[in-house]
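Spelled out from the first residue to the last, the chains are:
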Amino acid sequence: MTKPKASESDSVNEDARAQARRDERALRRGLSLREAFREFLRHPSPWMIGTVLVGAVIGRIVVGDRQSTDLLVPAVMLAVFPVFEWIVHVTVLHWRPRQIGPIPIDSELARKHREHHVDPRNIPLIFIPTKTLSVLVIMLISVAAFAFPRLGLGLTFLIAITLLGLGYEWTHYLIHTDYKPKGSLYRAVWRNHRHHHYKNEHYWFTVTTSGTADRLFGTHPDPSTTETSPTARRLHSA
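Just so you know, these numbers come straight off a predicted model, no measurement behind them.

Before going further, it helps to spend a moment on the nonpolar core. Core analysis: the biggest nonpolar cluster contains 34 residues, and Met 77, Phe 127, Phe 157, Leu 158 and Tyr 173 have the highest contact counts within it. Of all the secondary structure elements, the ones that give two or more residues to this core are helix H2 (33–40), helix H3 (44–63), helix H4 (72–93), helix H6 (130–146), helix H7 (151–175) and helix H8 (184–198). Of all the elements, H7 adds the most residues to this core, at twelve residues. Once residues within four sequence positions are removed from consideration, Phe 157 is found in contact with Val 73, Met 77, Leu 140, Val 143, Ala 144 and Phe 148.

Take a look at the structure:
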């Protein structure tokens, strides 16, 4: 009997499974920082954010009009970023699915984040989804172009937000690999986010900092006295 010829979709699925196995092996083997960075660059979001960053830097150089007060924009953004990160994590990523009549209200970010909690070591789920990031890029470029009194100031904003975005993606990715924390600062950030995934999903919402916005909003308890949640891997299942 002649063996059926594999369809194109079967081939694509097999390639995807093979890629997932390679990702899993890369994640679990105890990465060096260099190996982790090479793996990081294999995913689309760093390249998408990085492309916008390069474009913003070039645009800022061409436009000129640099003023000392422009430094206030990145300074303020850096100061409020932990709060912004906390709010997005709580209200967007941990959104509980709702329905208005026949219409489900549930974003791609929320759906992918629930999947991320189910399998925190699945590399592709660590990153901002490509479709969502594409929309965010368009929105941020629009804000930079039209929401500031000077184009140069808007480009400064765009440089700052893309640098923060790259920092977020890199930190979040690294925490979920087997790269071992060496410095005390990163160790605290690593421990903070691990508590969120493996101890209790109702606390420790910041990713790139530890004990900042969580302390401000009362979500930074003592882990030794905090109950281990049965739903940390299955958000909203209770």
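So, on to helix H5 (residues 108–118). When we look at burial in H5, the residues that qualify are Glu 108, Ala 110, His 113, Arg 114, His 116 and His 117. Looking at the buried side of H5, the elements it contacts are H4, H6, H7 and H8.

Turning next to the confidence of the model for the protein chain. Looking at the protein chain, pLDDT values average 91 and 87% of them are 70 or higher. Of all helices and strands in the protein chain, the one with the weakest mean pLDDT is helix H1 (residues 8–28) (60), whereas helix H9 (residues 213–217) scores best (98).

Turning our attention to the environment of Thr 228. For Thr 228, the location among the structural elements is in the segment after H9. Between the alpha carbons of Thr 228 and Asn 200 there is a distance of 5.5 Å; along the sequence they are 28 residues apart. With residues up to four places along the chain from it excluded, the contact list for Thr 228 reads Tyr 198 and Lys 199. Here the side chain of Thr 228 touches Lys 199 through a polar contact of 3.1 Å, side chain to side chain.

Turning our attention to the pattern of salt bridges. If you walk through the whole model with that rule in mind, you get six salt bridges. Of the charged contacts, one joins Arg 42 and Glu 39 as a salt bridge, the two residues approaching to 2.7 Å between their closest N and O atoms. A relative accessible area of 41% places Arg 42 in the partly exposed class. A salt bridge links Arg 150 to Asp 70; the nearest nitrogen and oxygen atoms lie 2.5 Å apart. With a gap of 80 residues between them, Arg 150 in the loop between H6 and H7 and Asp 70 in the loop between H3 and H4 connect regions that are remote in the sequence. Asp 70 sits in the buried class, given a relative accessible area of 5%. Several salt bridges converge on common partners, so that one network encompasses Arg 60, Asp 65, Asp 70 and Arg 150.

What follows is about the packing of H3 against H6. Contact geometry for H3 and H6: axes closest at 10 Å, N-to-C directions at 10°. Considering their axes alone, H3 and H6 lie roughly parallel with respect to each other. Residues Pro 44, Ser 45, Met 48, Ile 49 and Val 52 of H3 form the contact with H6, whose participating residues are Thr 130, Leu 133, Ser 134 and Val 137. When grouped by side-chain class, the residues that make up the contact of H3 with H6 number six nonpolar, three polar and no charged.

The space that makes up the largest pocket amounts to roughly 760 Å³. What lines the largest pocket is a set of 34 residues, among which Phe 84, Val 88, Ile 128, Leu 136 and Tyr 168 lie closest to the centre. For the lining of the largest pocket, the leading source of residues is H7, giving nine residues. Each residue belonging to the lining of the largest pocket can be placed in one class, and the counts come to 25 nonpolar, six polar and three charged. If you add up the space inside the second largest pocket, you get close to 190 Å³. If you go around the second largest pocket, the residues you meet are His 43, Pro 44, Ser 45, Lys 112, Pro 124, Leu 125, Phe 127, Ile 128, Pro 129 and Thr 130. When grouped by side-chain class, the residues that make up the lining of the second largest pocket number six nonpolar, three polar and one charged.

What follows covers H4. Of all bends in H4, the biggest is about 45°, found at Val 80, and the proline Pro 82 comes one to four residues later. The set of residues buried in H4 consists of Val 73, Met 77, Phe 81, Pro 82, Glu 85, Trp 86, His 89 and Leu 93. Where H4 is buried, its residues meet H5, H7, H8 and H9.

Another aspect to go through is the packing of H7 against H8. Relative orientation of the contacting elements H7 and H8 amounts to 70°, with a least axis distance of 10 Å. By the criterion of interaxial angle, the relationship of H7 to H8 is roughly perpendicular. Within the contact between the two elements, H7 uses Thr 171, His 172, Leu 174 and Ile 175 and H8 uses Tyr 186, Val 189, Trp 190, His 193 and Arg 194. Among the residues making up the contact of H7 with H8, the classes are represented as five nonpolar, three polar and one charged.

Each value, and the rule that gives it
- Residues numbered from 1 in each chain as written.
- Predicted model: local features only at pLDDT ≥ 70, side-chain atom pairs only at ≥ 80, totals over all residues.
- Heavy atoms only, no water.
- Core = buried A, V, L, I, M, F, W, Y, C linked by side-chain atoms within 4.5 Å.
- Buried < 20%, exposed > 50% of the residue type's maximum accessible area, 1.4 Å probe, protein only.
- Helix = DSSP H or I, 4+ residues; strand = E, 2+ residues; numbered from the N terminus.
- Contact = heavy atoms within 4.5 Å.
- pLDDT = per-residue confidence, 0-100.
- Polar contact = N/O pair within 3.5 Å; in protein donor to acceptor, adjacent residues only side chain to side chain.
- Salt bridge = Lys/Arg side-chain N within 4 Å of Asp/Glu carboxyl O.
- Axes fitted to C-alpha atoms, helices over the stretch in contact; angles between N-to-C directions.
- Parallel < 35°, antiparallel > 145°, perpendicular 65-115°, else oblique.
- Nonpolar A, V, L, I, M, F, W, Y, C, P; charged D, E, K, R; others polar.
- 1 Å grid on protein atoms, 1.4 Å probe; cavity = no way out; pocket = protein on both sides within 12 Å on 5 of 7 lines; lining within 4 Å.
- Points joined across faces, edges and corners; volume = space filled by probe spheres on them.
- Bend = angle between axes of the 7 residues up to and from the residue.

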